[in-house]
Amino acid sequence: MEDVIRKRLHWHSRRGMWELDLLLLPFLEQRFDALSEDDKALYVQLLAEEDQDLFVWLMKRDPCGNAEYQRLINMVIANAENGERDQFKGL
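Here is what the cut-offs are and how they apply
Residues numbered from 1 in each chain as written. Predicted model: local features only at pLDDT ≥ 70, side-chain atom pairs only at ≥ 80, totals over all residues. Heavy atoms only, no water. Helix = DSSP H or I, 4+ residues; strand = E, 2+ residues; numbered from the N terminus. Buried < 20%, exposed > 50% of the residue type's maximum accessible area, 1.4 Å probe, protein only. Arc of directions from axis to C-beta. Contact = heavy atoms within 4.5 Å. Phe/Tyr/Trp six-rings, centres within 6.5 Å; stacked < 30°, edge-to-face > 60°.

A. Spotlight on unusual backbone geometry. Even without glycine at this site, Lys-60 takes up a positive phi of about 60°. By the element assignment, Lys-60 lies in the loop between helix 4 (51–58) and helix 5 (67–82).

B. Here's a closer look at helix 3 (residues 37–47). When helix 3 is considered as a whole, its buried residues turn out to be Asp-39, Lys-40, Leu-42, Tyr-43, Leu-46 and Leu-47. All buried residues of helix 3 lie within an arc of 160° about the axis, which places them on one face of the element. Exposed and oriented more than 90 degrees from the buried face of helix 3 are Glu-37 and Asp-38. Buried residues belonging to helix 3 abut helix 1 (2–13), helix 2 (18–30), helix 4 and helix 5.

C. How the structure looks around the packing of aromatic side chains. Tallying each qualifying case throughout the model produces three aromatic pairs. When the ring of Phe-27 is compared with that of Tyr-43, the centres are 5.6 Å apart and the planes differ by 35°; the resulting orientation is tilted. Residue Phe-27 is found in helix 2, and its partner Tyr-43 is found in helix 3; the two are separated by 16 residues along the sequence. Residue classification places Phe-27 among the buried residues on the basis of a relative accessible area of 1%. Tyr-43 gets classed as buried once you look at its relative accessible area, which sits at 0%. Ring geometry for Trp-57 and Tyr-69: centres 6.3 Å apart, planes at 50°, overall tilted. Here Tyr-69 lies in helix 5 and Trp-57 lies in helix 4, a separation of twelve residues in the sequence. Judged by its relative accessible area of 9%, Tyr-69 falls in the buried class.

Rendered as structure tokens:
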């Protein structure tokens, strides 16, 4: 069952915008398992947002009006800024 959920999350983390894929997929692979159950549920909720909203928030163009989303968005951004860079080789 967890494998099915993980595959679904991977599918939903792939977005219509390449920039979002570069942020969300590594976060899912590298940090999601260490999140609390509440933060995991929050990530699922965040994925239901529109790509344009996610893009604006994750590119730091506008803050998100939801404080809990913003806290998770900051985690995604921090993972991208401090994470592994090898995943981008060849792109």
